[in-house]
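# Structural overview for review
For reference, the chains in residue letters:
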Amino acid sequence: ATSKPATPSPSPATSKPATPSPSPATSKPATPSPSPATSKPATPSPSPATSKPATPSPSPATSKPATPSPSPATSKPATPSPSPATSKPATPSPSPATPSPTSAPATSALMTIYDDTFQNGWSDVSWGVVGGSVNYKSTSSPHSGSYCAQFVLSGWGGLQFWSNDMIDWAAKGYTSLSFWIRADAKYSDLEVNIAGTSTTYFMSLTTSWQKVTVSLGPSGLNAPTLIGRDNKIVMQNQRASNSATFFLDDVQLIQETKPSFLLADGEASGADRVVSTSLLVCVLFGLSLFVLF
């Protein structure tokens, strides 16, 4: 029976206590036979479960905060680039429509008769001039250039312009006679006409330069088809006595869309008083805005 004590050979099981490196658990070595269960402590190798804390690697979920990269959505504020809609205010560029009317002086056709000197075949054939002739080289405050024409007419005397050519003024595109004139005193008995016609216009002159524009058509001088050689341009004194001293400059045939008889300051003779050009410009501007909007 002593052989049974030999069975404690299970001392080899002591080899298992060696595995329980958890010597800290050596306080329970009496039970060590269940030390095999210590192998389960070995299973706590799931210490790798600590890797789950690692799984919080979803810290990349913090990448979702990164996804707020939709900060580019801030680019949408950028889309309010429709600021260009402010370009619509720019559309009121029709303001330019205003300047164009004012700056367009309806003079696409022009023939100068006198400007410092006679031009384009025109010359003087006046009669009844006090002193015998017109001074076409007067330096007494010309309207433009270096000279103006200065003259005094006797009773019924007239200043007259003649051309070598017969001018078909309508075919050439001319619609009006235009010139600048003043007197050394107020004078209202000087008329302008085309020789051979019965239509005349009287001018009310002052000591200031004023522009006179007279239509060549039926509403104005009612000029014949051809003017120049036979049908001359005339300015005649309608008094029996000497006239005031007149100063004349920048005489031209022009294409002019203004009314029949107009002075530079907006004053017209008798029934021919007309609306000023500035009012016409306002009307044109209003029509342009109405069409645009």
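Scroll up to find the structure.
The following refers to the structure shown. (Residues numbered from 1 in each chain as written. Predicted model: local features only at pLDDT ≥ 70, side-chain atom pairs only at ≥ 80, totals over all residues. Heavy atoms only, no water.)

### Things to note about the overall build of the chain
When helices and strands are tallied, the chain shows 9 helices and 14 strands. Of all intrachain contacts in the chain linking residues separated by at least 6 positions in sequence, the fraction that spans at least 24 positions is 75%. Accessible area for the chain stands at about 16,200 Å²; split by element, carbon and sulfur atoms hold 62% of it. (Helix = DSSP H or I, 4+ residues; strand = E, 2+ residues; numbered from the N terminus. Contact = heavy atoms within 4.5 Å. Areas by Shrake-Rupley, 256 points an atom, 1.4 Å probe, with all protein chains shown as cover.)

### Topic: the packing of aromatic side chains
Per the counting criterion, the structure on display carries 6 aromatic pairs. Between Y114 and Y136 the ring centres are 5.4 Å apart and the planes differ by 55°, which places this aromatic pair in the tilted class. Placement of Y114 in strand β1 (residues 110-114) and of Y136 in strand β4 (residues 135-138) is noted, with a sequence separation of 22 residues between them. The exposure class of Y114 is buried, given its relative accessible area of 1%. (Phe/Tyr/Trp six-rings, centres within 6.5 Å; stacked < 30°, edge-to-face > 60°. Buried < 20%, exposed > 50% of the residue type's maximum accessible area, 1.4 Å probe, protein only.)

### A closer look at the pairing of strand β7 (residues 176-183)
Burial of β7 is extensive: 7 of the 8 residues sit out of reach of the surface. Where β7 and strand β13 (residues 245-254) come together, 7 bridges link them in antiparallel fashion. Paired with W180 across the two strands is D249, which belongs to β13. (Pairing = 2+ DSSP bridges.)

### Side note on the side chain of T112
Of note, T112 is situated in strand β1. T112 sits in the buried class, given a relative accessible area of 11%. For T112, the residues in contact, after removing those within four places along its chain, are Q119, N120, W122, V251 and Q252.

### Digging into unusual backbone geometry
Phi is positive for W156, which is not a glycine, with a value near 70°. Relative to the helices and strands, W156 is located in strand β5 (residues 148-163). Residue D250 is not a glycine yet carries a positive backbone phi of 50°. The residue D250 is located in strand β13 in this model. For D250, a relative accessible area of 10% puts it in the buried group.

### Overview of the pairing of β13
Across the 10 residues of β13, 10 count as buried, placing the element largely inside the fold. Summarising the sheet, β1 and β13 pair through 4 bridges and their orientation is antiparallel. Bridging from a neighbouring strand, L110 pairs with I254 of β13. Bridge analysis of β5 against β13 gives 4 bridges, and the strand direction is antiparallel. Residue pairing for β13: F151 is matched across the bridge by F246.

### Re the nonpolar core
Counting 40 residues, the largest nonpolar core has L177, F179, L248 and L253 as its most contacted members. Considering every element that reaches this core, the biggest residue donor is β5, with 5 residues. (Core = buried A, V, L, I, M, F, W, Y, C linked by side-chain atoms within 4.5 Å.)

### Quick notes on the environment of F179
Tracing the sequence through the fold places F179 in strand β7. Of the residues examined, F179 reaches a relative accessible area of 0% and is grouped as buried. Each C-alpha atom of the pair F179 and V251 lies 4.3 Å from the other, and the pair is 72 residues apart in sequence. When sequence neighbours within four positions are dropped, the list of residues in contact with F179 reads V192, M203, Q210, K211, V212, M235, L248, D249, D250 and V251.

### Considering the side chain of S176
Position of S176 relative to the elements: it lies in strand β7. Of note is the side chain of S176, whose polar atom sits 3.5 Å from the side chain of T175. (Polar contact = N/O pair within 3.5 Å; in protein donor to acceptor, adjacent residues only side chain to side chain.)

As far as function goes, none of this settles anything; it's purely spatial.
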